Amino acid sequence: QNVAWSNAAKAVRARAEAGQLDVAAMDAAPAEAVEPLIRPAAYFRQKAQRLKGFAAHVMNRYGGDLPAMLRRPADELRAELLALPGIGPETADCILCYAAGRPVMAMDAYTRRIFARLGVFAPDARYEAMQAFFHAWTPADAQLRGEYHALIDTLGNRLCLKRNPRCGQCPLADLCPRVGVVEEAGGAAGRA
C-alpha cells in the first residue's frame, strides 16, 4: 500500500528470488533480511514487521497452511485479518478477493476520488458505504469484482489523478460532471 505498482513488483520479485514468498521462509527470515528486499515498497521496516507478523500468525494458527486459513468463512476470515497489526479493511478485502477468491470488492482512495468526481459519493464517503454500493450493484463474483477494482485503480493511477487529472483522455469523460475538478490557467484540469 502507498507505493507505486512498479516498486511493489520489484519488492515481490526480490522476495521471490530470495525464496521468501513461502510463509515458513518469511517467518524464519530475520527482519533485517526482509527489509532490503522490500525497500522499493516504501516504509520497508514497518512492512517487514507486518509481513513477519502475518507469517507468524499463519504458522502458529494454521501450521503454515495458508490455503487452510483462506478457506475459512469470509466473515470470520475478515475479522481475523482485521485483528492483525497493519491490516485494515482495504488489505483484508484484497486478501479476501484476490487470494481467497471471495466476492468482496476492496475500496481505496482511487475509488473514492473517481466516484466522488462522478457525483456518486461524497468526497468523504466511508469505506463501508462505498463497498455496500458496489456490492449492491455488481454481481457477487470474485473475478469480476477484482477486475473492476483493478480497472478503477488503473484509471485513478493513470488518468483521474489527484492533481491535474487527464480528463480529456478519460473513458468516462462523457459521464463525468467532474465534481471537485476545476480548470486551471492554460486549460489543464486541477483539483479544487
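Up top you'll find the structure we're talking about.
Position numbers for residues start from 1 in each chain and track the written sequence from start to end. Confidence filtering applies because this is a predicted model: local features only for residues at pLDDT of at least 70, side-chain atom pairs given and counted only at 80 or more, and all residues used for totals across whole chains, interfaces and linings. The basis for every side-chain value is the complete set of heavy atoms in the structure, and neither hydrogens nor water enter the calculation.

(A) A look at the nonpolar core. Among buried residues, those of type Ala, Val, Leu, Ile, Met, Phe, Trp, Tyr and Cys that are joined through side-chain atoms within 4.5 Å constitute a nonpolar core. Classification of residues uses two cut-offs on accessible area relative to the type maximum, computed with a 1.4 Å probe and protein chains only: under 20% is buried, over 50% is exposed, and between them is partly exposed. Formed by 24 residues in total, the largest nonpolar core has its most connected members in Phe54, Met69, Leu77, Leu81 and Ile87. Here a helix means four or more residues in a row that DSSP labels H or I, a strand means two or more in a row labelled E, and each is numbered from the N terminus. Put simply, the parts of the chain that give this core at least two residues each are helix 2 (23-28), helix 3 (31-38), helix 4 (44-62), helix 5 (66-70), helix 6 (74-82) and helix 7 (89-99). Top contributing element to this core by residue count: helix 4, with 6 residues. What makes two residues a contact is simply this: any of their non-hydrogen atoms within 4.5 Å. With residues near it in sequence (within four places) discarded, Phe54 still touches Leu66, Met69, Leu81, Leu84 and Ile87. Ranked by size, the runner-up nonpolar core spans 16 residues in total, among them Ala106, Ala125, Leu155 and Leu159.

(B) Summary view of the environment of Leu21. Turning to its location among the elements, Leu21 is positioned in the loop between helix 1 (5-17) and helix 2. Remark: the alpha-carbon pair of Leu21 and Ala55, spanning 34 residues in sequence, is separated by 10.0 Å. Filtering out sequence-adjacent residues up to four positions away, Leu21 remains in contact with Val12, Arg15 and Ala16.

(C) Spotlight on helix 9 (residues 127-137). Among the residues of helix 9, those classed as buried are Tyr127, Met130, Gln131 and Phe134. Down the axis of helix 9, the smallest arc covering the buried residues is 95°, so these residues share one side. Counted as exposed and oriented over 90 degrees from the buried face of helix 9: Ala136 and Trp137. The directions considered for the arc run from the helix axis to the C-beta atoms.

(D) Molecular detail of the packing of helix 8 (residues 109-117) against helix 10 (residues 142-158). In contact at an axis separation of 9 Å, helix 8 and helix 10 are set at 75° when each is read in the N-to-C sense. Compared by their axis directions, helix 8 and helix 10 come out roughly perpendicular. Each of Tyr110, Thr111, Arg113, Ile114 and Phe115 in helix 8 lies in contact with helix 10, whose residues at this interface are Tyr148, Ile152, Asp153, Leu155, Gly156 and Asn157. Gly is put with the polar residues, along with every residue not named as nonpolar or charged; the nonpolar set is Ala, Val, Leu, Ile, Met, Phe, Trp, Tyr, Cys and Pro, and the charged set is Asp, Glu, Lys and Arg. Looking at the contact of helix 8 with helix 10 residue by residue, the class counts come to 6 nonpolar, 3 polar and 2 charged. In this analysis an axis means a line fitted to C-alpha atoms, helices contributing only their contacting stretch, and an angle means the value between N-to-C directions, from 0 to 180 degrees. Each angle gets one of four labels, with under 35 degrees taken as roughly parallel, over 145 as roughly antiparallel, 65 to 115 as roughly perpendicular, and the rest as oblique.

(E) Up close: the environment of Glu128. Structurally, Glu128 can be placed in helix 9. On the accessibility criterion, Glu128 (45% relative accessible area) is partly exposed. For the pair Glu128 and Pro67, spaced 61 residues apart in sequence, the C-alpha separation works out to 27 Å.

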